[in-house]
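Each chain is listed here by its residues.
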Amino acid sequence: MSATRAPLRSLDDALVALLAHATRLSGTETVSTFEADGRVLAQELVSALHVPPQDNSAMDGYAVRCADVREAGVVLQVTQRIPAGHHGHALEPLSAARIFTGAPVPPGADAIVMQEDCELVNECEGGVRVNTVPRSGQWIRRAGEDVTRGAVVLARGQRLGPAALGMAAGIGLSQLNVVRRPRVALFSTGDELVMPGDVPPEQMAPGAIYNSNRFFLRALLQRLGCHITDCGIVPDQRDATLAALRSAAQDHDLVLTSGGVSVGEEDHIKPAVQQLGELDLWQISMKPGKPFAYGKLYRGEGAARGPQDACHFAGLPGNPVSSYVTFMLLVRPFLLRLQGVADVAPVRMALPAHFDWPRGDKRREFLRVRRNAAGGLDLFPNQSSGVLTSAAWGDGLVDNPANTTITRGDSVQFLSFAELMG
Ligand code: AMP
Ligand code: MG
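Description of the structure in this document. (Residues numbered from 1 in each chain as written. Chains lettered and ligands numbered in written order. Predicted model: local features only at pLDDT ≥ 70, side-chain atom pairs only at ≥ 80, totals over all residues. Heavy atoms only, no water.)

Now for the side chain of Ser323. Topologically, Ser323 is positioned in helix H6 (residues 320-338). Overall, the relative accessible area of 0% leaves Ser323 in the buried class. With residues up to four places along the chain from it excluded, the contact list for Ser323 reads Asn213, Phe216, Leu217, Ser258, Leu316 and Pro317. (Helix = DSSP H or I, 4+ residues; strand = E, 2+ residues; numbered from the N terminus. Buried < 20%, exposed > 50% of the residue type's maximum accessible area, 1.4 Å probe, protein only. Contact = heavy atoms within 4.5 Å.)

With that settled, the discussion passes to the packing of aromatic side chains. Going through the model one piece at a time under the given rule, you end up with five aromatic pairs. Ring centres of Phe216 and Tyr324 lie 5.2 Å apart, and the angle between their planes is 85°; this geometry places the pair in the edge-to-face category. Taken together, the residues span a long stretch of sequence, with Phe216 in helix H3 (residues 213-223) and Tyr324 in helix H6 at a distance of 108 residues. Judged on exposure class, the residue Phe216 and its partner Tyr324 are both buried. Each ring, one from Tyr294 and one from Phe334, has its centre 6.0 Å from the other, and the planes form 55°; the classification is tilted. In this pair, Tyr294 sits in strand S21 (residues 291-298) while Phe334 sits in helix H6, placing the two residues 40 residues apart along the sequence. With a relative accessible area of 1%, Tyr294 lands in the buried category. Members of the aromatic cluster, each reached through a chain of ring pairs, are Phe216, Tyr324 and Phe417. (Phe/Tyr/Trp six-rings, centres within 6.5 Å; stacked < 30°, edge-to-face > 60°.)

It is worth spelling out helix H5 (residues 269-276) at this point. Every buried residue of H5 is listed here: Ile269, Ala272, Val273 and Leu276. All buried residues of H5 fall inside an arc of 95° around its axis, so they share one side. Against strand S14 (183-189), helix H4 (238-250), strand S18 (254-258), strand S19 (277-284), S21 and strand S22 (310-316) lie the buried residues of H5. (Arc of directions from axis to C-beta.)

A few words now on the sheet that holds strand S5 (residues 61-64). With mixed pairing, the six strands of this open sheet are ordered in space as S8-S5-S7-S6-S10-S9. With one partner strand each, in any of the chains shown, strand S8 (111-114) and strand S9 (118-121) form the two edges of the open sheet. The sheet shows a mean angle of 40° between the axes of neighbouring strands, direction not considered. The sheet contact formed by S5 and strand S7 (residues 95-99) spans three bridges and is antiparallel. Residue pairing in the sheet places Tyr62 in a bridge with Arg98 of S7. (Pairing = 2+ DSSP bridges. Axes fitted to C-alpha atoms, helices over the stretch in contact; angles between N-to-C directions.)

Everything listed here is a matter of coordinates, which is why it stays silent on function.
Here is the structure:
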C-alpha cells in the first residue's frame, strides 16, 4: 500500500478494493432464535418437515365430499367436530365435519365450505345445508405448501429479519448458528469536539462544537449487528492517536474513526496508521465524502508483527454528512461482508425528481432527498456536507452521476436510508 500521493478513485473501485479485504470472520456462535434478529446465518437451514405438516382448513366451516354436493341446498349430517390442534376420522358419504381454521382435513373430505355458505337445519338432528357447490380442493391448505421437507429454507450468509426468525421457528429451530458479531472500536477525532451533556450550549467555548458523528455512527454500527467499544474522543496529538489505535487494534476486528483523515498537520490519523501498519488514503470522486482511508493495524510484537495478524482500519471524513454517507456506502457493505453476507449492494429505485438540479458536479453526487406523497422526490435545499439537517430531513439519497444535471420530471436513482442502514 502507498499513501504518498492520494489517487482520485471512483466509488465503485474504492468499494471493490475495500471489499477485497473483507474476509468473513471465522467465529460463529449459537444463539436463541429469539435473539437472532439482524444476525447472519452461519449454517443453512433445512426443513425436517412439511409446513404445514398436513392438509388443513383455511376457514371455519364444514369439510365435505364434493361428490355429495352436486347442487346447492344439499343437507349433510354433521358427524364430527375438528378444532385446530385435533384430528378427525374418515368422512363417511353424505356427512360433513364441523371444522375450524388450521384443523387437519379428515380423510375422504376434498373441500371446505365456509360457514357463511352453510346453515344448520334440524339442530337436534345435526344437519347442515350447504348453499353452494364446492370446488374440489377449495379452502384446503396443502401439506408442504409453504415448505417441503428437505428444502433449504434459509441460506448460509442470509441476514435474519423478523420474517426469517418466524420461518426458522416454523421448522422447529429454537437455536441458530450465526456469525459472531464484528467487534468495532469507534473513535472521534478533533480538539473542537465536546460531548453533549459535558458543557451546556451557552457555555461552549469559541470554536467548540458538539460531537454529532459519534452518535449516528454508534447507531449505524448497532443496526449492523456490531459489538461496539466506544472509545470517545482522541485529541489531535500524534502520541495520543498512536496509543489509542494501538490498544484498540488488539481486541477488535475494525477500528473506525471519524475526522482527521485529511492531510493537514492537525490530521494525525494518517501518520499514526502508517506507523502501526499500512494505510490507503483515497480521494474518492464522490460528494459528499471525498477523503476515506482503509488500512491495517498490525497486532503482535517484533518479528511477529505484520499483516497476517491485523485489525482493519477505516477512517471516515469528519464532516457529518460525509461521514454519514461514506459509512452507508462503504463501511456498511464491509461490515456485512465480515459477517458473510454475499449481496451487499443496496436496492435502487428509479423515481421522478420533483426538483431541478441545474449544475452537475464533476464528482458523483449523493443528494439528500425525501419521497413525497405524489411518488416523487423532493430535494433538501442545502446540500453542504456540514449540514446534517439534510440527512435527518431526508429519507434517502439520489445517486447522481458526475456532470449530470437534473430537470424536474427526470427519472433518477434513489437509495433509501432504510435500505442503507439495515
Ligand atoms: P476533519 O475531517 O477532522 O478535518 O473535520 C472536518 C469537519 O468536520 C470539521 O469542521 C470538524 O469540526 C467536523 N467534525 C469532525 N468530527 C466531527 C464530529 N465527530 N462531530 C461533528 N463534526 C465533526
Ligand atoms: Mg479534525
